[in-house]
Amino acid sequence: MNRTLFIVLIILALVLITYNVTLIDFDEPFKGNSVVALIGIVASLCAILLLLIYMTSKKIQKKIEDE
């Protein structure tokens with residue numbers, strides 16, 4: 001996977017986070033569709049974290065192969 005694909009996926013996850021934030025009812029955040037939005041936010045954050053971990057592991061692998 002190349003760097004531009006990583007950036008596109010991270011931007012897509014950020015867009016999903018902002019969309020889900022608009023769906024949250026801040027008066028009752030743990031009822032109804034707000035729970036689904038919160039789950040979507042957490043899932044997007046997990047996706048970003050996994051992508052960053054994968055990018056870091058690829059950098060380490062490349063550094064080890066170059067030595």
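Above: the structure in question.
Below is a short write-up of the structure.

Cut-offs and rules
Each chain carries its own residue numbering, running from 1 in the written order of its sequence. Per-residue local features are limited, in this predicted model, to residues with pLDDT of at least 70; the limit for side-chain atom pairs, both in listing and counting, is 80 or more; totals at the level of whole chains, interfaces and linings are taken over all residues. The side-chain quantities take in all heavy atoms of the structure and omit both hydrogens and water. Remark: nonpolar core denotes a set of buried residues (Ala, Val, Leu, Ile, Met, Phe, Trp, Tyr, Cys) joined through side-chain atoms within 4.5 Å. For the exposure calls, accessible area comes from a 1.4 Å probe over protein chains only, and a residue counts as buried if that area is under 20% of its type's maximum, exposed if over 50%, partly exposed in between. Numbered from the N terminus, helices here are DSSP runs of H or I no shorter than four residues, and strands are runs of E no shorter than two. Two residues qualify as a contact provided that any one of their heavy atoms is within 4.5 Å of a heavy atom in the partner residue. In this analysis, the expected span of each helix is defined as 1.5 Å times one less than the number of residues it contains. In this description, the arc belongs to the directions extending from the helix axis to the C-beta atoms.

## What to know about the nonpolar core
Counting residues in hydrophobic clusters, the biggest one holds six residues: Ala 13, Ile 17, Ile 24, Ala 37, Ile 41 and Ile 48. Breaking this core down by element, the ones donating at least two residues are helix 1 (3–23) and helix 2 (33–66). Counting residues per element, this core draws most heavily on helix 2, at three residues. Setting aside residues up to four positions removed in sequence, Ile 48 forms contacts with Ile 10, Ala 13, Leu 14 and Ile 17.

## A short note on helix 1
Taking 1.5 Å of rise per residue, 21 residues should cover 30 Å, and helix 1 covers 31 Å from first to last C-alpha, within 8% of that figure. Within helix 1, the full set of buried residues consists of Phe 6, Ile 10, Ala 13, Ile 17 and Asn 20. Buried residues of helix 1 fall within an arc of 85° about the axis and therefore sit on the same side. For helix 1, the exposed residues lying more than 90 degrees away from the buried face are Thr 4, Val 8 and Thr 22.

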